[in-house]
Amino acid sequence: MVSQPVQPVVDDPREAALRERVKAGYQLEDPTEMTPRYHDVLVNTMHIAADLEVVTLPTYSPAIRTAPTLEDKIAIASACQDELGHAQVIYRLLEEFGYDTQYFLFERDPHEWRTFQMLEFPHEDYIESVVSMCYGDRAGYITTVDLEENCSFAPFARSLRKVNFEETFHVAHGERWVKFFWNLNERSRERVQESVDFYFPLCAAWFGVPDEMKKRTDQLAYKIRGASNDQMRQKWLSQVVPFSESVGIRVPAHFDEDSGHFVLDYEPPIHLDEQTRTWDYDRRISWAEQFRIWKTGSRHKVPSISRLHHEAWGADLW
Ligand SMILES: [Fe+2]
Ligand SMILES: [Fe+2]
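Thresholds applied
- Residues numbered from 1 in each chain as written.
- Chains lettered and ligands numbered in written order.
- Predicted model: local features only at pLDDT ≥ 70, side-chain atom pairs only at ≥ 80, totals over all residues.
- Heavy atoms only, no water.
- Donors = N, O, S within 2.8 Å, 3.2 Å for Na, K, Ca; no water.
- Tetrahedral: all angles 85-135°; square planar, octahedral: opposite > 155°, others 65-115°.
- Helix = DSSP H or I, 4+ residues; strand = E, 2+ residues; numbered from the N terminus.
- Buried < 20%, exposed > 50% of the residue type's maximum accessible area, 1.4 Å probe, protein only.
- Axes fitted to C-alpha atoms, helices over the stretch in contact; angles between N-to-C directions.
- Parallel < 35°, antiparallel > 145°, perpendicular 65-115°, else oblique.
- Contact = heavy atoms within 4.5 Å.
- Nonpolar A, V, L, I, M, F, W, Y, C, P; charged D, E, K, R; others polar.
- Salt bridge = Lys/Arg side-chain N within 4 Å of Asp/Glu carboxyl O.
- Expected span 1.5 Å × (residues − 1).
- Pairing = 2+ DSSP bridges.
- Core = buried A, V, L, I, M, F, W, Y, C linked by side-chain atoms within 4.5 Å.
- Phe/Tyr/Trp six-rings, centres within 6.5 Å; stacked < 30°, edge-to-face > 60°.

For the chain, an unreviewed UniProt entry supplies the name Phenylacetic acid catabolic family protein and the organism Amycolatopsis alkalitolerans.

Spelled out as structure tokens, the structure:
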């Protein structure tokens, strides 16, 4: 959910003064306190955050249908309810900035939605859902915790307490069932590994481009968030690599003794075959190509969002 602001920073004394105030720890309570630039960066961040909560719903849909037990079905359905609740929290805030939730959720062209690749692929089964909770919800959680702890717009920061509380359940649920399926039988163990192989690079990319490539740093300058892309990615790696190693799951990353950091075993961006869901670690693509893929979205993006607009979910899923 790392956004790319659309305009250059305006070198205006009011903007600079606000950047100084938030840097010193000041938190805004009301939109009237905002400068135009701050307003744009904040609204853009919340807009993306809201979209990303909603698009998780269609990804869970196949897994709800095929969940092995009623308990599993309920567990995924309640995670979906949580995610929609998270979106609701952000929509309510966005209404203060003139957003119309009805239009935003049900009438907006699916092409206009902001999605991240990690949240575009429908989970093919329950194992893929718990892998995505263990690795993907954890990535999401790291970004929303950063916002809760650092965001200079206090109402947004406060609203994320409930969101983050629930995300810890998603991550814990994922961890527990990833371990369970790893130990259940050979087939389920293979399926866990296969799902991690697909999800790991998607989750590592969730945090955006490396810091050295990032030209627009408004989110940090206005303290909408506190940590950089690489800092958050490092935090995620420092959790998922030891977890995976403790279970026995292979991941394309390791702790580098020399630098004292966790590092990827490949140099992103790399090529993904969407049909087979396999990464070619030796086939680098250009960043221009990666940006194009992120912007357009996968082949699942538009059909998934269209489903949200047209389908009577409750009746169909059961
Ligand atoms: Fe969420
Ligand atoms: Fe979640």
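Still to come is the rest of the account.
Draft legend 1. Structural view of the coordination of the iron ion (ligand 1). Coordination of the iron ion (ligand 1) by the protein is provided by E53 (OE), E83 (OE), H86 (ND1) and E167 (OE), with metal-donor distances spanning 2.0 to 2.3 Å. Viewed at the metal, the 4 donor atoms of the iron ion (ligand 1) are separated by angles of 85 to 168°, and the geometry they form is irregular. Spacing between the donor residues of the iron ion (ligand 1) along the chain follows E-x29-E-x2-H-x80-E. A spacing of 3.8 Å is found between the iron ion (ligand 1) and the iron ion (ligand 2), which share E83 as a donor. With E83 in helix α4 (residues 70-95) and E167 in helix α7 (residues 154-184), this pair connects stretches of sequence that are 84 residues apart.

Draft legend 2. Representation of the coordination of the iron ion (ligand 2). Protein coordination of the iron ion (ligand 2) is provided by E83 (OE), D137 (OD), E167 (OE), E167 (OE) and H170 (ND1), with donor distances spanning 2.0 to 2.7 Å. For E83, a relative accessible area of 2% translates into the label buried.

Draft legend 3. Quick peek at the packing of helix α3 (residues 56-66) against α4. At a minimum axis separation of 10 Å, α3 and α4 run at an interaxial angle of 170°. Compared by their axis directions, α3 and α4 come out roughly antiparallel. Seen from α3, the contacting residues are T56, L57, Y60, A63, I64 and R65; seen from α4, they are K73, I76, A77, C80, E83 and L84. Counted by class, the contact of α3 with α4 contains 8 nonpolar, 1 polar and 3 charged residues.

Draft legend 4. Region of interest: the pattern of salt bridges. A complete count under the given rule lists 17 salt bridges for this structure. Here R108 makes a salt bridge to D51, at a shortest N to O gap of 2.8 Å. Note that R108 is positioned in the loop between α5 (101-107) and α6 (126-150) and D51 in helix α2 (residues 36-54), a separation of 57 residues in sequence. The residues R108 and D51 share a single accessibility class, namely buried. We note a salt bridge from E124 to R191, for which the minimum N-O separation is 3.8 Å. Note that E124 is positioned in the loop between α5 and α6 and R191 in helix α8 (residues 186-206), a separation of 67 residues in sequence. Members of the salt-bridge network, linked through shared partners, are E124, D125, E128, R191, E194 and R277.

Draft legend 5. Quick look at α2. For α2, which comprises 19 residues, the first-to-last C-alpha distance of 27 Å matches the rise-based estimate of 27 Å (1.5 Å per residue) to within 8%. In terms of residue burial, α2 counts as a mostly covered element, since 16 of its 19 residues are buried.

Draft legend 6. Expanded view of the pairing of strand β2 (residues 261-264). Where strand β1 (residues 253-256) meets β2, 4 bridges bridge the pair, whose relative direction is antiparallel. The residue bridging F255 from the neighbouring strand is F262, located in β2. Hairpin connection, β1 to β2: the antiparallel pair is bridged by 4 residues, and G260 has positive phi, about 75°.

Draft legend 7. Structural context of the environment of P210. Position of P210 among the secondary structure elements: in the loop between α8 and α9 (218-221). The spatial distance from the C-alpha of P210 to the C-alpha of R233 is 9.2 Å, given a sequence separation of 23 residues. Here P210 is in contact with D230, R233 and W287, once residues within four sequence places are set aside.

Draft legend 8. Here's a closer look at the nonpolar core. Within the largest apolar cluster, 87 residues are counted, with the highest numbers of intra-cluster contacts made by Y38, L42, Y135, F156, F200 and W236. Dropping the residues within four chain positions of it, Y135 is found in contact with V196, F200, C203, W236, V240, F243, S244, I249 and V251.

Draft legend 9. Geometry of the packing of aromatic side chains. The final tally for this structure, using the stated rule, is 20 aromatic pairs. Their ring planes at 75° and their centres at 6.0 Å tell us that Y126 and F181 sit as a pair that is edge-to-face. Remark: F181 occurs in helix α7 and Y126 occurs in helix α6; sequence separation between them is 55 residues. Comparing Y126 with F181, the two get one shared label, buried. Connected via pairs of aromatic rings, a cluster forms that spans Y126, W177, F180 and F181.

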